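A look at the structure
What follows is each chain in one-letter form.
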Amino acid sequence: MERSSTASPGSSRREATRQKLYEAAVTLIAEQGFSATTVDEIAERAGVAKGTVYYNFASKSVLFEELLRHGVGLLTASLREAAEGTAREGRGRVDALDAMIRAGLVFIDRYPAFTQLYVAELWRTNRAWQSTLLVVRQQAVAVVEDVLREGVASGEFSDEIDVPLTAAALVGMVLVAALDWKSFQPERSLDEVHAALSRLLQGRVSGCR
């Protein structure tokens, strides 16, 4: 899970180490669960000493909490970039939502293990990081809400739509459809999945034969 940086060499090295730990943690936890994954295993998978894990993160729980922040932060940035790109091109909000759907699919295609963990954690309420998860989830959904509100203000969308619920539904649609694609229909291309969701977004499903 990469993040570009213009920081100092020392900061860049630490960021590279943290990236290795994120990758190791997300892979192991996706394979065997949070409780079954040990710090020793994360360190071994990342190719670092156990002490390096604790130097960067106070505990396994803190590492996982920061992993959630990091991953959802990348997703949020991708969604925002997609929306801003369509705005610069002078295209409408439906196009912006469509671009965000594609950006979400690209993210999930690139980071399927993280997406699996994120969706699983949304259903759990007894985790120490639940409040953090709710905050970062709202950051991603808020990007979609902004586009919907702009669409309502411009008259592109009905002012009767429930913006928070519609935004959550769109994000959920992408997550669930992408996980189904990866798990049960991997032969489909990203373009095929995007085209199907695009038609759904634009209300053309009933006209398809």
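Residues numbered from 1 in each chain as written. Predicted model: local features only at pLDDT ≥ 70, side-chain atom pairs only at ≥ 80, totals over all residues. Heavy atoms only, no water.

With that settled, consider the layout of surface pockets. If a probe as big as a water molecule is rolled over the atoms, it shows which places are left empty. What the largest pocket holds in volume is close to 290 Å³. For the lining of the largest pocket, the secondary-structure elements that each account for two or more residues are helix 6 (112-122), helix 7 (130-154) and helix 8 (163-184). Looking at the lining of the largest pocket, the element that brings in the most residues is helix 8, giving 7 residues. In this structure, the second largest pocket is lined by 14 residues; those nearest its centre are A83, E84, A87, V147 and E150. Of the residues that constitute the lining of the second largest pocket, the class distribution is 6 nonpolar, 2 polar and 6 charged. (1 Å grid on protein atoms, 1.4 Å probe; cavity = no way out; pocket = protein on both sides within 12 Å on 5 of 7 lines; lining within 4 Å. Points joined across faces, edges and corners; volume = space filled by probe spheres on them. Helix = DSSP H or I, 4+ residues; strand = E, 2+ residues; numbered from the N terminus. Nonpolar A, V, L, I, M, F, W, Y, C, P; charged D, E, K, R; others polar.)

A few words on the confidence of the model for the protein. Regions with low pLDDT should not have their predicted coordinates read in detail. Per-residue confidence for the protein averages 89 on the pLDDT scale, and 92% of its residues sit at or above 70. Between residues 204-209, whose pLDDT stays under 50, and residues either more than four places distant or in other chains, the model counts 4 contacts. (pLDDT = per-residue confidence, 0-100. Contact = heavy atoms within 4.5 Å.)

If you check helix 5 (residues 93-110), its first and last C-alpha atoms are 25 Å apart, about what 18 residues at 1.5 Å a residue would give, namely 26 Å. Those residues of helix 5 lying buried are A96, L97, D98, M100, I101, A103, G104, L105, F107 and I108. Residues of helix 5 that are buried make contact with helix 4 (60-88), helix 6, helix 7, helix 8 and helix 9 (190-201). (Expected span 1.5 Å × (residues − 1). Buried < 20%, exposed > 50% of the residue type's maximum accessible area, 1.4 Å probe, protein only.)

All right, on to the packing of aromatic side chains then. Overall, the coordinates contain 5 aromatic pairs when judged by the stated rule. With centroids separated by 5.8 Å and ring planes inclined at 55°, the aromatic side chains of Y22 and F57 adopt a geometry described as tilted. Of this pair, Y22 sits in helix 1 (residues 9-32) while F57 sits in the loop between helix 3 (50-56) and helix 4; the two residues are 35 residues apart in sequence, bridging distant segments of the chain. Arranged with centres 5.5 Å apart and planes meeting at 50°, the rings of F34 and F64 form a pair that is tilted. In this pair, F34 is assigned in the loop between helix 1 and helix 2 (39-46) and F64 in helix 4, connecting sequence segments 30 residues apart. (Phe/Tyr/Trp six-rings, centres within 6.5 Å; stacked < 30°, edge-to-face > 60°.)

Moving on to empty space enclosed by the protein. Evaluated as defined, the whole model comprises 2 cavities of 30 Å³ or more. Taken as a whole, the largest cavity encloses approximately 160 Å³ of empty space. Along the walls of the largest cavity sit L75, L79, L97, M100, I101, G104, I108, V144, L170, V171, V174 and L175, which together make up its complete lining. Among the secondary structure elements, those contributing two or more residues to the lining of the largest cavity are helix 4, helix 5 and helix 8. Top element by residues in the lining of the largest cavity is helix 5. It accounts for 5 residues.

It is worth spelling out the side chain of E65 at this point. Counting through the fold element by element, E65 comes out in helix 4. Polar side-chain contacts of E65 include one of 2.5 Å to the side chain of T132. Not counting the four nearest positions on each side in its chain, E65 is found in contact with W129 and T132. (Polar contact = N/O pair within 3.5 Å; in protein donor to acceptor, adjacent residues only side chain to side chain.)

Before going further, it helps to spend a moment on the nonpolar core. As a rule of thumb, nonpolar side chains are buried together in soluble globular proteins. Judged by nonpolar contacts, the single largest core of 59 residues is most densely connected at L63, F64, L97, M100, L105, F114 and V144. Of all the secondary-structure elements, those providing two or more residues to this core are helix 1, helix 2, helix 4, helix 5, helix 6, helix 7, helix 8 and helix 9. At 10 residues, the largest contribution of residues to this core is made by helix 4. With sequence-adjacent residues up to four places away left out, L105 is seen in contact with V174, A178, W181, L190, V193, H194 and L197. (Core = buried A, V, L, I, M, F, W, Y, C linked by side-chain atoms within 4.5 Å.)

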